[in-house]
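# Structure at a glance
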Amino acid sequence: HADAAMYRAKECGRNNFQFYTEELSARNAQRMYLTNGLRQALDRNEFQLHYQPKLEARSGRVVGVEALIRWFPAGGGMISPAEFIPIAEESGLIIPIGDWVLATACKQAAGWRREGRDGFRVAVNLSAAQLKNRDVVQVVAQALRDADCPADALDLEITESMLMENPEKVSRTLQGLCDLGVRLSIDDFGTGYSSLNYLKSFPIHELKIDQTFIRDIPGEAGHASIVKAIIDLAHSMELIVVAEGVETAEQKAFLERERCDELQGYLFSKPLPAHQLGQLLDSGAIGRAWSGTVS
Ligand code: C2E
Ligand code: MG
Ligand code: MG
Ligand code: MG
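These numbers come from a predicted model, not from an experiment. (Residues numbered from 1 in each chain as written. Chains lettered and ligands numbered in written order. Predicted model: local features only at pLDDT ≥ 70, side-chain atom pairs only at ≥ 80, totals over all residues. Heavy atoms only, no water.)

## Concerning the overall build of the protein
Within the protein, the secondary structure is distributed over 13 helices and nine strands. Its C-alpha atoms give the protein principal-axis dimensions of about 80 × 50 × 45 Å. By the burial criterion, 46% of the 295 residues in the protein qualify as buried. Taking the intrachain contacts of the protein between residues at least 6 apart in sequence as the baseline, contacts between residues at least 24 apart amount to 66%. For the protein, the exposed area adds up to about 15400 Å²; of that, 52% sits on carbon and sulfur atoms. The distance from the centre of the 31 positive side-chain charges to the centre of the 40 negative ones in the protein is 1 Å. (Helix = DSSP H or I, 4+ residues; strand = E, 2+ residues; numbered from the N terminus. Buried < 20%, exposed > 50% of the residue type's maximum accessible area, 1.4 Å probe, protein only. Contact = heavy atoms within 4.5 Å. Areas by Shrake-Rupley, 256 points an atom, 1.4 Å probe, with all protein chains shown as cover. Lys, Arg positive; Asp, Glu negative; His and termini not counted. Charge placed at Lys NZ, Arg CZ, Asp CG, Glu CD.)

Right, here's the structure in full:
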């Protein structure tokens with residue numbers, strides 16, 4: 001019996017090992033497949049930017065959009081940035097991809113301003129590797145110049161965790177970006193561990209509350225009090241505060257009551273290609289979604 005039990009355990013262990021290695025190599029294969037695909041994606045024009053509106057909470061006015069990258073590989077389908085951005089970061093491909101995002105978003109922002117959308121802003125997500133690149137200020141300046149885009153039409157979103165890695169260096173970089181006239185926004189706020197003391201010393205304009213806190217409000221008391229605390233913190237520092245991932249009328253009502261400045265989420269619109277977003281803006285449908293006259 002003992003031998004049989006030992007034999008079974010070994011079999012079982014071997015099987016576990018086999019599953020483990022199979023899973024690992026499947027993951028590695030997927031990663032290699034995506035990396036190879038990403039190398040060619042720019043040349044093949046497989047990326048698109050979609051744009052999601054940001055609304056002023058008290059008026060329902062659309063003040064701008066966030067640009068979100070989408071990858072449509074030749075074989076069909078769509079790959080989400082949550083899946084390929086980390087791989088692009090590891091392989092260094094995020095630098096040329098990030099340059100493309102900046103150039104495309106600046107051209108679009110300039111176009112919307114020329115169409116007469118006064119004050120309209122486009123927010124671009126910067127990755128850690130882009131921010132660490134010592135040329136980042138020149139890269140952004142060049143993208144604005146090439147697109148003939150006013151600096152006040154561009155916002156840059158960086159995450160909270162990117163602030164804390166090397167705060168002195170990051171602070172100098174952010175000051176350089178700020179001096180260009182772009183606005184800086186801290187994305188996914190509340191998920192990192194930024195020191196409030198440091199936060200004060202960065203030239204930032206806006207905090208975006210992470211959507212994990214928005215998801216369960218107003219029902220979840222813990223998250224509701226975190227959201228209130230972030231709004232108060234932002235206002236005490238004279239920062240604009242934005243809620244992302246707003247999906248329900250209840251969330252919107254809570255955020256309005258707590259004086260959140262701007263709202264972004266599926267309740268108003270999902271991210272859309274530029275021309276579709278333009279049509280949506282002109283249709284007035286977002287205002288109706290905001291005032292609750294359509295569901
Ligand atoms: P993020 O910057 O925090 O963007 C917000 C994400 O939430 C987007 O996902 C957006 O589509 C999604 N979202 C918006 N409203 C709602 C809602 O009401 N409910 C829910 N459940 N989700 C909502 P997406 O487009 O898949 O992007 C994921 C992340 O990928 C972004 O998070 C950002 O970190 C990164 N990313 C996207 N585009 C770029 C880019 O051009 N460059 C870089 N470096 N990162 C990017
Ligand atoms: Mg963002
Ligand atoms: Mg975010
Ligand atoms: Mg996020």
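## As for the coordination of the magnesium ion (ligand 3)
Every protein donor of the magnesium ion (ligand 3) is listed here as Asp187 (OD), Asp188 (OD), Glu244 (OE) and Glu244 (OE), and their distances to the metal cover 2.1 to 2.5 Å. Binding-site remark: the magnesium ion (ligand 3) is held by donors from one chain whose sequence spacing is D-D-x55-E. Separating the magnesium ion (ligand 3) from the magnesium ion (ligand 2) is a gap of 4.0 Å, bridged by aspartate 187, which donates to each. Of this pair, aspartate 187 sits in strand 5 (residues 183-189) while glutamate 244 is found in strand 7 (residues 240-244), placing the two residues 57 residues apart along the sequence. Of the two residues, aspartate 187 and glutamate 244, both sit in the buried class. (Donors = N, O, S within 2.8 Å, 3.2 Å for Na, K, Ca; no water.)

## Points about the coordination of the magnesium ion (ligand 2)
In the first shell of the magnesium ion (ligand 2), the protein supplies Glu66 (OE), Asn125 (OD1), Glu157 (OE) and Asp187 (OD), at 2.0 to 2.2 Å from the metal. Linear spacing of the donor residues for the magnesium ion (ligand 2) on their chain is E-x58-N-x31-E-x29-D.

## Describing the side chain of glutamine 251
Mapped onto the elements of the fold, glutamine 251 is located in helix 11 (residues 249-257). Residue class for glutamine 251 comes out buried when judged on its relative accessible area of 4%. Within polar-contact distance, the side chain of glutamine 251 engages the backbone nitrogen of glutamate 247 at 2.7 Å. Not counting chain neighbours up to four residues away, the residues in contact with glutamine 251 comprise Ile214, Arg215, Ile217, Gly245 and Val246. (Polar contact = N/O pair within 3.5 Å; in protein donor to acceptor, adjacent residues only side chain to side chain.)

## Section: empty space enclosed by the protein
Under the counting rule described, the total for this entry stands at one cavity of 30 Å³ or more. Quantified by volume, the largest cavity comes out at close to 60 Å³. Around the largest cavity sit Ile95, Asp99, Leu102, Leu126, Gln130, Asn133, Val136 and Val139, which together line it. Of all the elements in the fold, those that place two or more residues in the lining of the largest cavity are helix 3 (94-114) and helix 5 (136-147). (1 Å grid on protein atoms, 1.4 Å probe; cavity = no way out; pocket = protein on both sides within 12 Å on 5 of 7 lines; lining within 4 Å. Points joined across faces, edges and corners; volume = space filled by probe spheres on them.)

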